[in-house]
Every structure is written in structure tokens, then in C-alpha cells.
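Below, each chain spelled out in residue letters.
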Amino acid sequence: QPPFSFTGTLADPMAIGATTQIAGTLRLSRSQTGSRIPPPPVCVGTGSFSGTANWTRLVITAPQVTFVSVPAGAWPSCEGTERVTLSLAR
């Protein structure tokens, strides 16, 4: 599983006991495993998301996460755009 992080804001922080809207920015990084020389690039993707959250469940969708290779121009390139949906349950 690749590491991920996101930041966002609740539309109504007092309503977290019920389901409330959430929006923000999603940032993902992924890399291939295995030993290679040179090592494969890390792919970093960033995109805006929206969804819902409460105490037990988070569901977000980022319709356009744009991935780039780090370092820039690395081969093989992982540049492109993908739709990402994340669902977490407690």
C-alpha cells in the first residue's frame, strides 16, 4: 500500500457526530519495489477531493489526481491523471 496524506476542512465541524461534507487536497506517493539501478522514480499525485466524514467513516473522491515523476524527467515516467476514491471505516 502506498503512503498517502490529505488535508481538508469540514463544512460544519460541530456536525462530526452526523455525516458532514469535507473538501481539500489529496496527495499520494507511490513507488515500485525491487532493486534497480538506477532506482525507479517515485510517483507523486496531487488533486482536490470532496466527500463526507463522521466519527466512523470517511469517503472522499478526487476526480483528477495528477501524477508526476520525482525526480522530474525520470524514466520510466509515471505522469498522468487518475480518479481516486478513498473509503475508510473505523
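Rules behind the numbers
- Residues numbered from 1 in each chain as written.
- Predicted model: local features only at pLDDT ≥ 70, side-chain atom pairs only at ≥ 80, totals over all residues.
- Heavy atoms only, no water.
- Helix = DSSP H or I, 4+ residues; strand = E, 2+ residues; numbered from the N terminus.
- Buried < 20%, exposed > 50% of the residue type's maximum accessible area, 1.4 Å probe, protein only.
- Contact = heavy atoms within 4.5 Å.
- Salt bridge = Lys/Arg side-chain N within 4 Å of Asp/Glu carboxyl O.

Considering the arrangement of structural elements, one finds isoleucine 60 in strand S4 (residues 57-70). Residue isoleucine 60 is classed as buried on the basis of its relative accessible area, which comes to 1%. A C-alpha to C-alpha distance of 9.9 Å links isoleucine 60 and serine 48, two positions twelve residues apart in sequence. Those residues in contact with isoleucine 60, other than ones at most four positions away along the chain, are Ile22, Leu26, Phe49, Ser50, Gly51, Val84, Thr85 and Leu86.

The full count for this structure, using the stated rule, is one salt bridge. A salt bridge links arginine 30 to glutamate 82; its shortest N-O distance comes to 3.0 Å. Within this pair, whereas arginine 30 is found in strand S2 (residues 20-31), its partner glutamate 82 is found in strand S5 (residues 80-89), the two being separated by 52 residues in sequence. Under the relative-accessibility criterion, arginine 30 is labelled partly exposed at 30%. For glutamate 82, a relative accessible area of 33% corresponds to the partly exposed category.

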